[in-house]
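# Structure assessment
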Amino acid sequence: MAQVRYFLRAPKDVAERLFAVIEPALEEEAWPLSLSEVDEAAQIFELSAYVDENEGDAQARLEALIPVDLPVTGFEAEPVPDIDWVTKSLEGLKPVRAGRFLVHGSHDRDKRRIGDLAIEIEAGLAFGTGHHGTTAACLEMLWEVARRERPRNALDLGTGSAVLAIALAKLARIPVLATDIDPVATKVAMANVRLNGVASLVACVTAPGFHHPSFALAGPFDLIVANILARPLIRLAPQMARHLVPGGSLVLSGILDSQRDAVVAAYAGQRFRHVRTIHREGWVAIHLKR
Ligand code: SAH
C-alpha cells in the first residue's frame, strides 16, 4: 500500500518536544516516526510520520496533538514513492568474495572472473547476501572443508537465501538438502537455487530443526552447515550428531566470539572435536568433526 509522509520543520527543541508528545500518543497506530536534522548550522529538525494513504484523517489527528504553546502551525503532506527497498538496498551492495566464491546481485554479473564460483542472489526477504560476517566465514570454511573431504551429500540447516547450499552444490556437485523454519525463506531459497542452475542438486524444505521426513530420506550427511545462532545450535547438538555420518564434518556459525567456547563445549559433549575457527567482524564459524 502507498504511504503519505506528513512532515514539519522546526528548531531542534521544538521538534524534539513535539516528537516526545506524538510518539507515545500514536503508539497504537504504529505509524513510523522519524526526527532528522535538515540544517545543521541553524539547528532545524524535520519530524515525519509515515501513514498508509487510506488513513484519511491522519493529518487532522497529528495536528490535534500539537501542544498549543508550540510555535508550529501544521504538517505538510507528500506521497512516499513506492520503492522496493530490498531490491534498492541490494543494488548498493558490492559483490562479496570468500574463498573462490563470488556472491553478487544480477547488476554485478560483469564482476565475475574466470575461476570464480559465482553465486547470484536475487533480492528477497531472506537472510544471506554474503555480506554478513557469518555467511562469509561459512563460505570460506566450506571452500576448504568440501575440497579437502569430498563429501557426497550435505545439509544446509537454516538456509535463508540458500547461498551456502548453492555454494556447496556448485563446488562439490553433490545433493544438498536446504531447510529453513521460515516458509518465506524457503520460497526465496528455491528461486535462487533455480537462478543458479542447481535445482537438480538442491532440495528446499520448510522445517523447524530436524522435524521433517526429508532428513531421514536424504541423510545421514557427510557435511552439515548451520548458520543460525548460538543458542539453537547448542540445543540442536544431539540431533546434529545423529544426522552426521561418523567422521563427518560440521560447520557452525551465527556465533559471537564470546559464545564460541560454550558452543564448542556443547558439541564436545556429543563427541565432536574442534578443528578450526574463522573470525570475522566479531562472529565466528567453527569446523567440528565427529
Ligand atoms: N544460511 C544463510 C542464512 C542464515 S540466517 C547464510 O548463511 O547467510 C539463519 C536462517 O536460519 C534464517 O533464515 C532462519 O529463518 C533460519 N532458522 C532459524 N532457526 C531455525 C531452526 N530451528 N530450524 C531451521 N531454520 C532456522
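Use the structure listed above.
These notes cover the structure that comes with them. Here the structure is a predicted model, which is why all the values come from computation and not from measurement. Residue numbers run consecutively from 1 along every chain, following the written order of its sequence. For a predicted model such as this one, the threshold for reporting local features is a pLDDT of at least 70, and the threshold for listing and counting side-chain atom pairs is 80 or more; totals across whole chains, interfaces and linings nevertheless cover every residue. By convention in this description, side-chain values take in all heavy atoms of the structure and omit both hydrogens and water.

### Some points on the site of the ligand
Which entries qualify depends on this criterion: One heavy atom within 4 Å of a molecule or strand makes the whole residue count as near it. For the purposes of these results, a polar contact is taken to be a pair of N or O atoms within 3.5 Å, where, inside protein, one atom must be able to donate a hydrogen and its partner to accept one; residues adjacent in sequence count only when each atom of the pair is a side-chain atom. Accessible surface is estimated by sampling points in the Shrake-Rupley manner with a 1.4 Å probe; for residues, cover comes only from the protein chains shown. In this analysis the probe radius is 1.4 Å and the grid spacing 1 Å, with only protein atoms considered; a cavity is a set of points the probe fits into but cannot get out of, a pocket is an open set with protein on both sides within 12 Å along at least five of seven lines, and lining residues have an atom within 4 Å of a point. The way we define it, a molecule is inside a pocket or cavity when more than half of its atoms are within 2 Å of that pocket's grid points. Under the scheme applied, nonpolar residues are Ala, Val, Leu, Ile, Met, Phe, Trp, Tyr, Cys and Pro; charged residues are Asp, Glu, Lys and Arg; polar residues are all the others, including Gly.
Close to the ligand lie 16 residues, the nearest being Thr135, Gly158, Asp180, Gly209 and Asn227. In the environment of the ligand, a nitrogen atom lies 2.9 Å from a nitrogen or oxygen atom belonging to the backbone of glycine 158. At 3.3 Å from a nitrogen atom of the ligand is found a main-chain nitrogen or oxygen belonging to threonine 159. Compared with its free state, where it exposes 570 Å², the ligand has 85% of that area covered by protein. According to the grid-proximity analysis, the pocket containing the ligand is the largest pocket. Looking at the shell around the ligand residue by residue, the classes come out as seven nonpolar, seven polar and two charged.

### Describing the layout of surface pockets
Formally: Grid points are joined across faces, edges and corners, and a volume is the space filled by probe spheres set on the points. For the purposes of this entry, the term helix denotes a DSSP run of H or I that reaches at least four residues, the term strand denotes a run of E that reaches at least two, and both are numbered from the N terminus.
By volume, the largest pocket amounts to about 540 Å³. Listing elements by their share of the lining of the largest pocket, those giving two or more residues are helix H4 (133-149), helix H5 (163-172), strand S9 (176-180) and helix H8 (230-235). Counted by class, the lining of the largest pocket contains 14 nonpolar, 13 polar and two charged residues.

### Structural notes on H4
In plain terms, the rule: Helix span, expected: 1.5 Å multiplied by one less than the number of residues in the helix. Burial classes: relative accessible area under 20% of the type maximum marks a residue as buried, over 50% as exposed, and values in between as partly exposed (1.4 Å probe, protein chains only).
A rise of 1.5 Å per residue sets the reference length of H4, with its 17 residues, at 24 Å; its end C-alpha atoms lie 24 Å apart and thus fit the reference within 8%. Of all 17 residues that make up H4, 13 are buried, and the element is covered over most of its length. Once H4 finishes, arginine 150 follows within two positions and takes phi at roughly 45°, a positive value.

### Some remarks on the sheet that holds strand S1 (residues 3-11)
Stated precisely, the cut-off is as follows: For two strands to pair, DSSP has to find at least two bridges joining them. All axes here are fitted lines through C-alpha atoms, helices being fitted over the stretch that makes contact, and every angle between N-to-C directions spans 0 to 180 degrees. The contact definition used throughout considers only heavy atoms, calling two residues in contact when any of these lie within 4.5 Å.
Across the sheet, which stays open at both edges, the four strands sit in the order S2-S3-S1-S4 with antiparallel pairing between neighbours. Only two strands of the sheet have a single partner each, and these edge strands are strand S2 (33-39) and strand S4 (76-80). Across this sheet, the average inter-strand angle for adjacent strands is 30°, counted without regard to direction. Against the sheet, helix H1 (residues 12-25) engages S1, S2 and strand S3 (44-52), with an angle of about 135° to S1.

### Some details on the packing of H4 against H5
The test is simple: In this scheme, roughly parallel covers angles under 35 degrees and roughly antiparallel covers those over 145, while 65 to 115 is roughly perpendicular and the rest are oblique. Should the near helix be turned anticlockwise from the far one by less than a right angle, the crossing is termed left-handed; should it be turned clockwise, right-handed.
One way to put it is that H4 packs onto H5 with a least axis distance of 10 Å and a crossing angle of 25°. As the angle between them shows, H4 and H5 are arranged roughly parallel. Once H4 is placed against H5, the crossing between them reads as right-handed. Residues Thr135, Cys138, Leu139, Leu142, Trp143, Ala146 and Arg147 of H4 form the contact with H5, whose own contacting residues are Val163, Leu164, Ala167, Leu168 and Leu171. A breakdown of the residues in the contact of H4 with H5 according to their chemical character gives ten nonpolar, one polar and one charged.

### A short note on the packing of aromatic side chains
The line we're drawing: Note on ring pairs: Phe, Tyr and Trp rings are taken, using the six-membered ring of Trp, and paired if centres are within 6.5 Å. Classes follow the plane angle, with under 30 degrees stacked, over 60 edge-to-face and the rest tilted.
Scanning all chains against the criterion turns up three aromatic pairs. Between the aromatic rings of phenylalanine 101 and tryptophan 143, the centroid separation amounts to 5.8 Å while the plane-to-plane angle is 80°, which identifies the pairing as edge-to-face. Of the two residues, phenylalanine 101 is situated in strand S6 (residues 101-104) and tryptophan 143 in helix H4; the sequence distance between them amounts to 42 residues. For the pair shown, phenylalanine 101 and tryptophan 143 are each scored as buried. Taking the centre distance of 5.1 Å and the plane angle of 55° together, the rings of phenylalanine 210 and phenylalanine 215 count as tilted. By relative accessible area, which is 6% here, phenylalanine 210 ends up buried.

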